[in-house]
Number of protein chains: 2
Amino acid sequence: MTTNAQLLFNQIPKGEPTPETFKYNTENKIDLEQKLDNGAHIVKIICVSLDPYMRGRMRPAEVKSYSPAFELHKPLTGHGVGVVIRAAADSQYKVGDHVYGMVPYQQFVLIPGQQKVDEESKKFLGPQVGLRVIKNEEGLPWSAYIGAAGMPGKTAFMAWKEIADAKKGEVAFISAGSGPVGQMAIQLAKADGLKVISSAGSDEKVAFLKELGADVAFNCKLQSTSHKTDDAKKIFAEHGPIDVNWVNVGGKSFEEELEFMNMHGRLIGGWISAYNGESYGVRNLFQFVAKRLMMRGFIVGDFEASLAVLQQNINAKYVDDFYATIPKKLAFGDLKFKECKYDGLESAPKAFLEMLAGKQSGGFGKVFIQVAADDSH
Amino acid sequence: MTTNAQLLFNQIPKGEPTPETFKYNTENKIDLEQKLDNGAHIVKIICVSLDPYMRGRMRPAEVKSYSPAFELHKPLTGHGVGVVIRAAADSQYKVGDHVYGMVPYQQFVLIPGQQKVDEESKKFLGPQVGLRVIKNEEGLPWSAYIGAAGMPGKTAFMAWKEIADAKKGEVAFISAGSGPVGQMAIQLAKADGLKVISSAGSDEKVAFLKELGADVAFNCKLQSTSHKTDDAKKIFAEHGPIDVNWVNVGGKSFEEELEFMNMHGRLIGGWISAYNGESYGVRNLFQFVAKRLMMRGFIVGDFEASLAVLQQNINAKYVDDFYATIPKKLAFGDLKFKECKYDGLESAPKAFLEMLAGKQSGGFGKVFIQVAADDSH
């Protein structure tokens, strides 16, 4: 038997999560030599993602929301990349295949050939048709496939295609611009010929926004759900109005932004700041009428290639577009990305709390956990 | 010289309008025998519309909004129907033509052949290409053409086509259901095979909602910008969730409705209650993400047939569709409508204030002023 360390959901947080929300469990074991049949395989996890939306899953199971609650005393689940280290003769994977998808946060995962997904998960993920094999001919670090070439990158790419209706010369505002979604969104907006205003929570991050191509970048305090009011208003007045607004921050900031939206503006709904609840009430929604604004909430899971997506006849072509173009551009440097690595599942509680606070000790960018070395087999 | 009585904008209201907001001026005169040339014509006004959006125009000229401010000490302007009583030889109209469009609220209007529209008005209305000739082969009262077959009817018709994306079997919620937009919206939703929940502010209105076809109708207090909470929540829980929400009321009601929206729901933005300012802050906009909701503000002026609309290549075909189908259905009783008539421009202040309060002494329905008899020439 081999140790199969896990990151468990230990306690439902009241308000902000704390270190006690998690438990790093080293007592779990797995038999890596067990007999495999019926398409089963064992995946060794290389890296897993930490994302703000996971905060919303840290709730009592009876509270319904758009993503399933984490199960208490079970491993957290989320996006990860691993390598198949054993496979039954009839498995759809072969040893050495690198795979991407939703996985439990532990070192090894035994996946039965017919993966069973509970009803709640189906709503969120669609019945998984298995993990996606990633060839990585681009030679990117595997972590890129859970970041810029993974869920956050897809969020930016697909929401931009689906909602932005971007026209050359328009103005985009992208808050949380140094985060994994924001990074990509800034570059997509620039590629479409828009003027980009972006904000982030430190001067170092602001410098990075400019490196990504933002025309106007400013330092705000996203974690307080409010821009430094004077700065933001001045900047919007000078460089706005905003045609496409990537809404990452609700409350007072959102209210301010509505005042500076252009006629027929589009708002892509993200609301990172709402994961801990909304305390500020928005009082100027009449702007939607006055300026004929359009806002649409977006969750990338609706557009990932799953049976649910295909059955609903939602445009699943975004997925192929994405994998055909984005990893190459990342590898060639046509698209930049910045990651923030934490080593080992034991570092995940610290990493998650720092991420929510926007103060990663390892620097900003896409937060992930390196569970095993990239070249491990 | 003939008396040409006017309804003037007398005073900018602080908060709610009052009788002093208006002035009925009988000292204005017009020379009905004057020489007309260059395409000019004189229109005798038959009826004019009073609409909640006009509240927003009662503001200082320097405050920008989606519709131009009324000019102090000048007549109010809005939708009206009149009859051409004199026309220059080269006028595009002939004597006896009935016409519909934006007019000053007075008994007679001299219209120069090349109508001059100020820049502000252009933004709202588009450069008017003249008033629309209404044949009225259906024999409807002329007031219908500023109500169910006019601006409010078009609002319902065009917003429904443009935004609702209605599918048979879905659930629509239409607040302010007894108003001119709501009346039409209920019937359009039923015609598309939806289950309709609707609300209004009195038991008499509720009975009318059922007459219009609403499957579920309840009494709320729209004017307080809040449903009777228990009633609305119970009804939404039993008969919802809501797929298409015609948002007429902001604030707390809107917040409640968001909780009962269905996944991928659509919200048509109207916000009548916001015309006097929004006092209640909405705290659950995260629902837009959780349920992938789409909301779009709508103003019918964007879709009325004007040069601006045509130039922007917006789908102006709605206008022809509307006039080809709706007046006939109204005449045949396939679509019901209810009006509330006030006689004479002198009654307009009272009518407007009663309309805003939702308490018309003449009964509920589309509020209009009969300025001259329907058959007057």
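Located above this text is the structure these notes cover.
Numbering of residues begins from 1 in every chain and follows the order in which that chain's sequence is written. Whichever chain is written first is A, and whichever ligand is written first is 1; the rest continue in order. For a predicted model such as this one, the threshold for reporting local features is a pLDDT of at least 70, and the threshold for listing and counting side-chain atom pairs is 80 or more; totals across whole chains, interfaces and linings nevertheless cover every residue. Hydrogens and waters are ignored; side-chain quantities use all the structure's heavy atoms.

Caption draft 1: Quick look at the interface of chain B and chain A. Throughout, a residue-residue contact means that at least one pair of heavy atoms, one from each residue, lies within 4.5 Å. If you look at the interface, chain B gives 29 residues, while chain A gives 29 residues. Two parts placed together each lose some accessible area under a 1.4 Å probe, and the buried area is that loss summed for both. In total, about 2,700 Å² of surface goes out of reach between chain B and chain A, with carbon and sulfur atoms giving 60% of it. Together, B:R283, B:F286 and B:R292 form the three largest contributors to the area buried by chain B at its contact with chain A, with a combined 25%. Helical segments are the DSSP runs of H or I of at least four residues, strand segments are the runs of E of at least two, and each set is numbered from the N terminus. Those elements that provide at least two residues to the side of chain B that touches chain A are β14 (261-269), α7 (287-290) and β15 (294-297) of chain B. The element that contributes the greatest number of residues to the side of chain B that touches chain A is β15(B), accounting for 4 residues.

Caption draft 2: A look at the sheet that holds strand β14 (residues 261-269) of chain A. The mixed open sheet is built from 12 strands, whose spatial order is β12(A)-β11(A)-β10(A)-β13(A)-β14(A)-β15(A)-β15(B)-β14(B)-β13(B)-β10(B)-β11(B)-β12(B). Strands with a single pairing partner mark the edges of an open sheet, and in this sheet they are β12 (216-219) of chain A together with β12 (216-219) of chain B. Adjacent strand axes in the sheet meet at a mean angle of 15°, parallel and antiparallel pairs treated alike. By this definition, two strands are paired if DSSP reports at least two bridges between them. Direction of pairing for strand β10 (residues 171-174) of chain B relative to strand β13 (residues 242-247) of chain B: parallel, over a ladder of 3 bridges. The partner of B:F173 across the bridge, within β13(B), is B:N245. Axes here mean lines fitted to C-alpha atoms, for a helix over just the part in contact, with angles spanning 0 to 180 degrees between N-to-C directions.

Caption draft 3: Layout of the relation of the copies chain B and chain A. In this comparison the copies share one frame, found by least squares on the C-alpha atoms of residues holding pLDDT of at least 70 in both. Its rotation angle being 180°, the transformation that places chain B on chain A also includes 0.0 Å of axial translation and leaves an RMSD of 0.0 Å. Seen this way, the second copy is the image of the first under a two-fold rotation axis. Proximity to the rotation axis, assessed at the C-alpha, singles out B:G281 in chain B; its C-alpha lies 1.8 Å from the axis. Here 100% of the contact residues of chain B are again contact residues in chain A; the copies associate through an equivalent surface.

Caption draft 4: Geometry of helix α4 (residues 203-211) of chain B. Residue and element names in this part refer to chain B. Exposure categories follow from relative accessible area, calculated using a 1.4 Å probe and restricted to protein chains: below 20% of the type maximum is buried, above 50% is exposed, and the middle band is partly exposed. Those residues of α4 that fall on the buried side of the exposure criterion are K205, V206, F208 and L209. Projected down its long axis, α4 shows its buried positions confined to an angular sector of 155°, all on one face. Across from the buried face of α4, at angles greater than 90 degrees, the exposed residues are D203, E204 and E211. Structurally, α4 contributes buried residues whose contacts are with α3 (180-191), β11 (195-200) and β12. Remark: G213 follows α4 within two positions and exhibits a positive phi of approximately 115°. Think of it as the arc spanned by the lines of direction from the helix axis to the C-beta atoms.

Caption draft 5: Representation of the pairing of strand β16 (residues 339-343) of chain B. Residue and element names in this part refer to chain B. Only one face of β16 is buried, namely the one carrying C340 and Y342, since none of E339, K341 and D343 on the opposite face is buried. Pairing geometry for β16 and strand β17 (residues 366-370), over 5 bridges, is parallel. Each bridged residue has a counterpart across the sheet, and for C340 the counterpart in β17 is V367. With its strands directed away from the observer, a crossover is right-handed exactly when the path from the first strand over the helix to the second travels clockwise. As for the winding sense of the linkage, the β-α-β connection from β16 through helix α10 (residues 348-357) to β17 is right-handed.

Caption draft 6: View of unusual backbone geometry. A cis geometry characterises the amide bond from A:G240 onward to A:P241, with omega recorded as -5°. By secondary structure assignment, the location of A:P241 is in the loop between α5 (229-239) and β13 (242-247). The phi torsion at A:H264 lies on the positive side, around 60°, for a residue other than glycine. Among the structural elements, A:H264 can be located in strand β14. The phi torsion at B:N136 lies on the positive side, around 55°, for a residue other than glycine. Of note, B:N136 is situated in the loop between β9 (132-133) and α2 (151-164). Given a relative accessible area of 12%, B:N136 falls into the buried group.

Caption draft 7: Geometry of the environment of B:G363. Residue and element names in this part refer to chain B. On the secondary structure map, G363 appears in the loop between α10 and β17. Taking the relative accessible area as the measure of exposure, G363 reaches 24% and is therefore partly exposed. Residues G363 and E204 lie 159 residues apart in sequence; the distance between their C-alpha atoms is 9.4 Å.

Caption draft 8: Spotlight on the nonpolar core. Within this scheme, the nonpolar core is defined by two criteria: the residues are buried Ala, Val, Leu, Ile, Met, Phe, Trp, Tyr or Cys, and they are joined through side-chain atoms within 4.5 Å. Ranked by internal contacts, the top residues of the largest apolar core, which has 188 residues, are A:L50, A:W160, B:L50 and B:W160. Look past the residues within four positions of B:W160 in its chain and what remains in contact with it is B:T155, B:D165, B:A166, B:A172, B:L188, B:A189, B:D192, B:L194, B:V244, B:W246 and B:I268.

Caption draft 9: Just the pattern of salt bridges, in detail. Whenever a carboxyl oxygen of Asp or Glu lies within 4 Å of a side-chain nitrogen of Lys or Arg, that contact is scored as a salt bridge. Applying the stated criterion across every chain, the model contains 26 salt bridges over all chains. Note that B:E162 is salt-bridged to B:R296, the shortest N-O span being 3.0 Å. Taken as a pair, B:E162 in helix α2 and B:R296 in strand β15 lie far apart in primary sequence, 134 residues in all. A relative accessible area of 27% means that B:E162 is categorised as partly exposed. One salt bridge connects B:R266 with B:E170, and the closest N-O pair in it is separated by 2.5 Å. Taken together, the residues span a long stretch of sequence, with B:R266 in strand β14 and B:E170 in the loop between α2 and β10 at a distance of 96 residues. Note on accessibility: B:R266 and B:E170 belong to one class, buried. Look at the salt bridges and you will find they share partners, linking A:D165, A:K167, A:E170 and A:R266 into a network.

Caption draft 10: Expanded view of the packing of aromatic side chains. What counts as a ring pair is set by centres within 6.5 Å for rings of Phe, Tyr and Trp (its six-membered ring), and what kind of pair is set by the plane angle: stacked under 30 degrees, edge-to-face over 60, tilted for all other angles. Taken as a whole and judged by the stated rule, the model has 22 aromatic pairs over all chains. With a centroid separation of 6.4 Å and 5° between ring planes, the pair formed by A:W160 and A:W246 is classed as stacked. Of this pair, A:W160 sits in helix α2 (residues 151-164) while A:W246 sits in strand β13, placing them 86 residues apart in sequence. For A:W246, a relative accessible area of 4% gives the class buried. Between B:F236 and B:F260 the ring centres are 5.7 Å apart and the planes differ by 45°, which places this aromatic pair in the tilted class. Pair noted here: B:F236 is in helix α5 (residues 229-239) and B:F260 is in the loop between α6 (251-259) and β14, with a separation of 24 residues, a long-range link. Classification of B:F236 by relative accessible area gives buried; the value is 1%. Any Lys NZ or Arg CZ that is within 6 Å of a ring centre and within 35 degrees of that ring's normal is treated as a charge sitting over the ring. Above the ring of A:F364, the side-chain terminus of A:K338 is found at 5.0 Å from the ring centroid.

Caption draft 11: Representation of empty space enclosed by the protein. Residues and elements named next belong to chain A. The method works on a 1 Å grid over the protein atoms by themselves. A cavity is a set of points holding a 1.4 Å probe that cannot get out, a pocket is an open set with protein on both sides within 12 Å along at least five of seven lines, and residues with an atom within 4 Å of a point line them. Grid points are joined across faces, edges and corners, and a volume is the space filled by probe spheres set on the points. The final tally for this structure, using the stated rule, is 1 cavity of 30 Å³ or more. Size it by volume and the largest cavity reaches roughly 40 Å³. Lining the largest cavity are G147, A148, P180, Q183, M184, F337, K338, E339 and K366. Tallying contributions element by element places helix α3 (residues 180-191) first for the lining of the largest cavity, with 3 residues. Residue classes follow a fixed rule: Ala, Val, Leu, Ile, Met, Phe, Trp, Tyr, Cys and Pro count as nonpolar, while Asp, Glu, Lys and Arg count as charged, and any other residue, Gly among them, counts as polar. Counted by class, the lining of the largest cavity contains 4 nonpolar, 2 polar and 3 charged residues. Residues lining the lining of the largest cavity come from more than one domain, with at least three contributed by each of domain 1 (2-147 + 338-370) and domain 2 (151-301). Segment limits for the domains were obtained from an automatic or database-derived domain assignment.

Caption draft 12: Local environment of the packing of α2(A) against α3(A). Residues and elements named next belong to chain A. Put simply, α2 and α3 touch, their axes get as near as 8 Å, and they point 40° apart. With respect to α3, the axis of α2 lies oblique. At the point where α2 passes α3, the crossing takes the right-handed sense. Counting all contacts with α2, which are made through P152, G153, T155, A156, F157 and W160, the residues of α3 involved are P180, V181, M184, A185, L188 and A189. Taken together, the residues of the contact of α2 with α3 break down into 10 nonpolar, 2 polar and no charged. When describing relative orientation, an angle under 35 degrees is termed roughly parallel and one over 145 degrees roughly antiparallel, while 65 to 115 degrees is termed roughly perpendicular and anything else oblique. Each helix crossing is assigned a hand: it is left-handed if the near helix lies turned anticlockwise from the far helix by less than a right angle, otherwise right-handed if that turn is clockwise.

Caption draft 13: A look at the side chain of B:Q187. All names here are of chain B. Note on placement: Q187 falls in helix α3. Overall, Q187 belongs to the buried group, its relative accessible area being 8%. The residues touching Q187, leaving out its near neighbours within four places in the chain, are L212, D334, L335 and K336.

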